[in-house]
Number of protein chains: 2
Amino acid sequence: MREVAQLAGVAMSSVSRVLSGHPDVSVGMQSRVLAAVAELGYQPDLLAQSLRRQETMTIGFAVGDISNQLFAEIVASAETTLRTAGYSMLLTNSEASAELDAAHIRLLAQRRVDGIILSVGDEQNPDTLAALERLDVPVVILDRDVPMPGAVNVFSDHRRGMRQAVAHLLDLGHRDIAMINGQTLRPARERRAALEACYEERGLPPTYRFVDGTFSVEFGARAAGDLLSQEHPPTAIIAGGNQLMLGSLKVLRARGLRLGRDISFVGCDDIPVSELYDPPIAVVRRDTAAMGHSAAELMLALLAGEPVEDVTLPSEFVARASCGPVAKT
Amino acid sequence: MREVAQLAGVAMSSVSRVLSGHPDVSVGMQSRVLAAVAELGYQPDLLAQSLRRQETMTIGFAVGDISNQLFAEIVASAETTLRTAGYSMLLTNSEASAELDAAHIRLLAQRRVDGIILSVGDEQNPDTLAALERLDVPVVILDRDVPMPGAVNVFSDHRRGMRQAVAHLLDLGHRDIAMINGQTLRPARERRAALEACYEERGLPPTYRFVDGTFSVEFGARAAGDLLSQEHPPTAIIAGGNQLMLGSLKVLRARGLRLGRDISFVGCDDIPVSELYDPPIAVVRRDTAAMGHSAAELMLALLAGEPVEDVTLPSEFVARASCGPVAKT
DNA sequence: GTGAAAGCGCTAACAA
DNA sequence: TTGTTAGCGCTTTCAC
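Small disclaimer: the values here were computed from a predicted structure and weren't measured. (Residues numbered from 1 in each chain as written. Chains lettered and ligands numbered in written order. Predicted model: local features only at pLDDT ≥ 70, side-chain atom pairs only at ≥ 80, totals over all residues. Heavy atoms only, no water.)

Now for the interface of chain A and chain B. Across the contact, 49 residues belong to chain A and 49 residues belong to chain B. Interface area for chain A against chain B, summed over the two sides, is near 4600 Å², with a carbon-plus-sulfur share of 55%. Summed over the three residues of chain A that lose the most area to chain B, namely Leu47, Arg111 and Leu276 of chain A, the buried surface amounts to 16% of that side. Joining chain A to chain B, the criterion identifies six salt bridges. Between Asp278 of chain A and Arg253 of chain B there is a salt bridge, with the nearest N and O atoms lying 3.5 Å from each other. (Contact = heavy atoms within 4.5 Å. Buried area = accessible area lost by both parts, 1.4 Å probe. Salt bridge = Lys/Arg side-chain N within 4 Å of Asp/Glu carboxyl O.)

Near DNA strand D you find 23 residues, and of these Ser13, Ser14 and Ser26 of chain A together with Tyr42 and Arg52 of chain B are the closest. Considering DNA strand D, the proportion of its atoms within 4 Å of the protein that are sugar or phosphate atoms stands at 60%. Between DNA strand D and Ser26 of chain A there is a distance of 2.5 Å, counted from a phosphate oxygen to a side-chain nitrogen or oxygen. Taken together, the elements giving at least two residues each to the surface near DNA strand D come down to helix H2 (12–19) and helix H4 (46–53) of chain A together with helix H2 (12–19) and helix H4 (46–53) of chain B. The biggest single contributor to the surface near DNA strand D is H4 of chain B, with four residues. Residue composition of the surface near DNA strand D, by class: 10 nonpolar, seven polar and six charged. (Near = heavy atom within 4 Å. Polar contact = N/O pair within 3.5 Å; in protein donor to acceptor, adjacent residues only side chain to side chain. Helix = DSSP H or I, 4+ residues; strand = E, 2+ residues; numbered from the N terminus. Nonpolar A, V, L, I, M, F, W, Y, C, P; charged D, E, K, R; others polar.)

On to the domain arrangement of chain A, then. Assigned domains within chain A: domain 1 (2–44), domain 2 (56–157 + 288–313) and domain 3 (158–286). In this structure, domain 1 of chain A and domain 2 of chain A have C-alpha centres spaced 37 Å apart. (Domains from an automatic or database assignment.)

Turning our attention to the pattern of salt bridges. Residues and elements named next belong to chain A. What the rule picks out here adds up to 42 salt bridges over all chains. Asp127 is the salt-bridge partner of Arg106, the closest N and O atoms lying 3.0 Å from each other. Of the two residues, Arg106 is situated in helix H6 (residues 98–110) and Asp127 in helix H7 (residues 126–133); the sequence distance between them amounts to 21 residues. Salt bridges here are not isolated pairs; linked through shared partners, they connect Asp143, Arg159, Arg186, Glu190, Asp269 and Arg286.

Phe61, Leu91 and Ile117 of chain A together with Phe61, Leu91 and Ile117 of chain B are the most contacted members of the largest nonpolar core, which has 54 residues in total. Excluding its chain neighbours within four sequence positions, the residues that come into contact with Ile117 of chain A are Ile59, Gly60, Phe61, Ala62, Leu82, Val140, Leu142, Ala295, Ala296 and Met299 of chain A. Core analysis: the second largest hydrophobic core is formed by 52 residues, Val251 of chain A together with Ala178, Ala224 and Leu259 of chain B among them. (Core = buried A, V, L, I, M, F, W, Y, C linked by side-chain atoms within 4.5 Å. Buried < 20%, exposed > 50% of the residue type's maximum accessible area, 1.4 Å probe, protein only.)

With that settled, consider the pairing of strand E1 (residues 58–63) of chain A. Residues and elements named next belong to chain A. The element E1 is largely enclosed, with a buried count of six among its six residues. Judged by which residues are buried, E1 turns out to be covered on both faces: Thr58, Gly60 and Ala62 on one side and Ile59, Phe61 and Val63 on the other are all buried. Strand direction decides the pairing type here: E1 and strand E2 (residues 88–93), joined by six bridges, are parallel. Its bridge partner lying in E2, Thr58 is registered against Ser88. Once the chain exits E1 it traverses helix H5 (residues 69–84) before rejoining the sheet at E2, and the crossover so formed is right-handed. As defined by bridge partners, E1 adjoins strand E3 (residues 115–118) across four bridges and the pair is classed as parallel. By the bridge assignment for E3, Ala62 is matched with Leu118. (Pairing = 2+ DSSP bridges. Right-handed = clockwise from strand over helix to strand, strands pointing away.)

Superposing the two chain copies requires a rotation about an axis and a translation along that axis. Screw-axis analysis of chain A against chain B gives a translation of 0.0 Å along the axis, an RMSD of 0.1 Å, and a rotation angle of 180 degrees. Taken together, the turn and the small shift mark the pair as related by a two-fold rotation axis. Take the interface residues of chain A: 100% of them recur as interface residues in chain B, which is what a same-surface contact looks like. (Least-squares fit on C-alpha atoms with pLDDT ≥ 70 in both.)

Turning our eyes to something else, we now look at the protein's contact with DNA strand C. Taken together, 24 residues sit near DNA strand C, with Met1, Tyr42 and Arg52 of chain A together with Ser14 and Ser26 of chain B positioned nearest. Measuring from a phosphate oxygen of DNA strand C, one finds a side-chain N or O atom of Tyr42 of chain A at 2.5 Å. One of the backbone N or O atoms of Ala48 of chain A is found 3.5 Å from a base nitrogen in DNA strand C. Secondary structure elements with two or more residues in the surface near DNA strand C: H2 and H4 of chain A together with H2 and H4 of chain B. The residue inventory of the surface near DNA strand C, partitioned by class, reads 10 nonpolar, seven polar and seven charged.

Moving on: helix H13 (residues 288–303) of chain B. All names here are of chain B. Spanning 16 residues, H13 covers 23 Å between terminal C-alpha atoms, matching the ideal 22 Å at 1.5 Å per step. All of the buried residues in H13 are Thr288, Met291, Gly292, Ser294, Ala295, Ala296, Leu298, Met299, Leu300 and Ala301. The backbone nitrogen of Ala289 lies 3.1 Å from a side-chain oxygen of the residue at the head of H13, namely Asp287. One or two steps after H13, the chain reaches Gly305, where phi turns positive at roughly 75 degrees. (Expected span 1.5 Å × (residues − 1).)

What follows is the structure in structure tokens.
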């Protein structure tokens, strides 16, 4: 910038003013500076600018597992929205580790990001909460019940879609429904509550069961295997998450069970395999692009100082052939 | 930091020395400073540090489509490796647009990243090449033939796996093989060359065909539909990429074709659906984690000033039931 | 071994 | 309208 000023024969502050669109600049000044900028191919140093302006135009996105299709889509969508508004995205992947969650929040704070979008793997981890406590930038939390005052949330309404799913199964005659869930996080709690509510509303005894573990393909497989090996296997299985669904399907398939006939199955999150599987798999679907977009929009609103409220996005049940009437034995 | 110095009753430079592990610090100084740091909960400002040290400890990753499973896995792996070495990752998603590719390279440069990992959607775009030209940081390019001197490459050896795939199909009696590809990028060229080479080696006339378009689910579906509607449809289809595979499968399935019997099919990239499809789908597979890891390692080596060479990672064919003997008509 | 001072590249008061 | 000056928070010579 010093060179530009020299070449144009003006002060550095004038160059700065021209480049940042200050109102009080003469046309002559503007053209001289711009000419010098063009000649030198000058590009301002965003780092120095950040230090001085005390804003980095950068949003930190701390995500549990970016290689999970669900998060990948959310991140992609959020990045587009943020970038359009002039922000860049610093991405950290915590590999589902609570320690890394906390470390990443601190790291992002040290890097002076203007805000943080967060999807943690443990809602209660004291270290994470402590790190959040000390934060003085806006925080948007994705589909988690993190007790942090001041944070804004983007929730999925898991209950709605799950109630439709369970109602569908009950209508088909299923009473022994098993639900496989990962960690105790908001989505799992909501899905569970929806299942329980459905039985209760219909005055049915609680003949469902839950299997809780980790949100992984491996656990999905193990849980499904365990369920099928029991004396009275369930007549329907609900997998609470795409990884769990993939694991479960492997096992169901290995055992030669025909979905919708031998056993009914419902997945969560509409990944490519659900539609292409034979038979196609009924799922509770949500709009990942909307989630990422909403999170980014909320962040932008917070940064602009606008009043914002939590957002809840819908989920919906997509009935497919993997659900059928309960098999006669 | 000023406060820390005051509280400890020492100069700021001493605080800096303690925190950056300078060798010449007395034990007394060290303990006093650390005590003050702990008391104030001080965390150094990485932004200011970057400006002064002229290094940001940040790597830019410009990717075409992070919501594509393949890239999501590569990014996840690269992020882990970089983070372990103390680097953060600035992610830009170009949505397969060449203009955005170039803009992102410039943006990352302005943000003074220490290096860029790149997966562009157009290898020849002059604007992208111009942006790369002006770069003065290390560049690692992912599986593209970008004419940029000084850049280091992580290639996939697509030919190896594809030759195995084509050999397999030829052994099964297929002669009329159609290959669907996206943009003319390195992977497409390599796969194409492998197909041609296989025929030539066996002294077979070139009775294969190519359909080129864009790397998308939509084009995969259209291409497959077109092929099947021809007077003499191919007896085997190879989809050059996971998105093309998904699109093709939708159409094949809608037409009620049984893979491995009515028509044979080979996909690329081993996404979940390939194994779970009925029948399971033969694919040319590559190790996405290794790609991300290698790219990050190369970057770290470049930053350390170590001599580095291009890396080529293998691909392999996984035979599955989607390939069968050519159907008698 | 420690402190004082200069400066990374930029912006924002303040003066002119 | 433009230039001069100070300083964002840190590191790093250079003296002592």
